[in-house]
Amino acid sequence: MSQSSNHPGFNQGCQNHSCYDQSCPLSYAMEQLRLAGFEKTQCSLSSDYRQELNVENGAITLLRSGSDRELYLSGIIDQKKASLSINDLSHDSIDSAVAELLLMAKGSEADDAYTIAPAQPTGVFSAGPQLADLEAMYDSLKAFLAHLKQNHPSIVMTECSLDYTRIHSRMVNSNGIDFTETRGNYNGSLMFNAKNDHDITSLNYTGFTTFTLDKPFHQFGSIEQLLRSSQAEFRAQPLPKKFTGDLIITPDAMDDFIGFLVGSVTDAPLIANISLYKDKLHEAVTSPCLTLKSLPLDSTMPNGYPFTSDGFQAENLTLLNNGVLESFLLTDYGARKTGLKKAVNEGGCMVLEPGEQTLADIIANTREGVILGRLSGGTPADKGDFSGVAKNSYYIKDGQIQFPLTETMVSGNMATLLRSIVAVSKDVVDFGDSCYPWLKATKVNFS
């Protein structure tokens, strides 16, 4: 397979950061918003370019390329705000969008908290590969398919893809901010199960993001571990009996639990005054075993970001420090509405610091429990109560993994569970956009 040239015209944004050029859609939109009477305006123009290889029936079958552009417009007039996005960047389309935006704003409710980011130094940022290495992408997938055939013959790959994505974005506002970033990365995803002459296992899935294809595909994220696990699930059995015991949360299931805490300290629940953590800043809210950081500026985070969607240069932050809540994840608007401090970033790129024990030791020290591969269920209640079905999971008894489980109910309370963490593994899985160890929680209900 030969490497094709990259799309020559991905960068549709104006490159002149010092003036508003009417030939640039971004500059034209800002000027039209001003002429329409908006007192504060913010616009961003993003262009993405994607090249993707797909696998079907055990063979690489498709190379697909695509690109897209989006112009986001936001304006405030008489403390009334409206926002919309368009893909047609012609002057006629922008004129129509500005007229619609004005109608939307005048029909909305005034809010004294509406504003835009203050002036900051202009920033031009670049991260990751700026061109796709299609040869490396093809070789990576080809080697992965050979690895599957040799080492995991019972695996049926329902979906598998590897793409290169490059996004160029520029944000400006009427206070003078001007941020530009170009970021390229590779993204792998796969969905699979195992099948033999008699049985088929539950579907499982995972993925990764990376700047470089510097190791075999199956060594990214948790791929190899999940492939082995899927093959072992042929001997799945029902839970022997209802019990209350330990829950070992795998990195692939972590977002369901960490996500409850993260989601509870964002704008919506804090503004609505329904967050469990609204009065808990600088207090212990989880087990002291947990230290959680959001690192969008870390050089190892392919999905990082140098500026936030509301126009502020981003910084890394520690959300939890030994269980103490060190920051909310409030935007500038959320901070103005609640009177609390604005966060220095908008979350994501989460890293949960590893502990001292190996995963093997954590399992060996478990009298009875479940290793949770994936939790299938609804969103937890505001107070944290949850129930769901454990998928791709294993039963532990007397420090030994006994057998994979057929679908088993798991229930409890997220906030209580996060306070009950007693062990964090030194083993971690780096997905590229997050990095998690295994956690062991206690007193969780299984049925």
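Please read all numbers here as calculations on a predicted model, not as lab measurements.

Rules used in this analysis
Residues numbered from 1 in each chain as written. Predicted model: local features only at pLDDT ≥ 70, side-chain atom pairs only at ≥ 80, totals over all residues. Heavy atoms only, no water. UniProt positions renumbered as here; feature names shortened; annotations may be inferred. Helix = DSSP H or I, 4+ residues; strand = E, 2+ residues; numbered from the N terminus. Buried < 20%, exposed > 50% of the residue type's maximum accessible area, 1.4 Å probe, protein only. Phe/Tyr/Trp six-rings, centres within 6.5 Å; stacked < 30°, edge-to-face > 60°. Lys NZ or Arg CZ within 6 Å of the ring centre and 35° of its normal. Pairing = 2+ DSSP bridges. Expected span 1.5 Å × (residues − 1). Arc of directions from axis to C-beta. Contact = heavy atoms within 4.5 Å.

Attention now goes to the UniProt feature "domain: Metalloprotease TldD/E C-terminal" (unreviewed entry) in the protein. Cross-referencing UniProt, the feature "domain: Metalloprotease TldD/E C-terminal" (unreviewed entry) maps to residues 246–446 in the present numbering. For the annotated span residues 246–446, helix accounts for 17% and strand for 34% of the residues, and the straight-line distance between the end C-alpha atoms is 9 Å.

Let us look at unusual backbone geometry. Look at Asp78: it is not a glycine, yet its phi comes out positive at around 50°. Positionally, Asp78 belongs in the loop between β2 (59–77) and β3 (80–86). Classification of Asp78 as exposed rests on a relative accessible area of 55%. For Asn322, which is not glycine, the phi torsion reads 50° and is therefore positive.

Following the criterion strictly, the structure yields 12 aromatic pairs and no others. Through pairs of rings, three or more aromatic residues link up here, namely Phe144, Phe208, Phe217 and Phe220. Geometry around Phe312 places Lys342 over its ring, the cationic atom sitting 4.2 Å from the centre.

Quick look at the pairing of strand β16 (residues 394–397) now. As judged from the four bridges shared by strand β13 (residues 368–372) and β16, these two strands associate in the antiparallel manner. Directly across from Val370, in β16, lies its bridge partner Tyr395. In terms of strand pairing, β16 meets strand β17 (residues 400–404) through four bridges, oriented antiparallel. Counterpart to Tyr395 in the pairing with β17 is Phe403. Linking β16 back to β17 in an antiparallel pair, the connection comprises two residues, with Asp398 at a positive phi of about 55°.

What follows deals with helix α3 (residues 134–151). With 18 residues, α3 should reach 26 Å at 1.5 Å per residue; the first-to-last C-alpha distance of 25 Å fits that figure. For α3, the set of buried residues is Leu134, Met137, Ser140, Leu141, Phe144, Leu145, His147 and Leu148. Buried positions in α3, seen along its axis, are confined to an arc of 160° and lie on one side of it. Of the exposed residues in α3, the ones pointing more than 90 degrees away from its buried face are Lys142, Lys149 and Gln150. Among the structural elements, β1 (40–56), β2, β5 (155–173), β6 (178–194) and α4 (223–232) are those in contact with the buried residues of α3.

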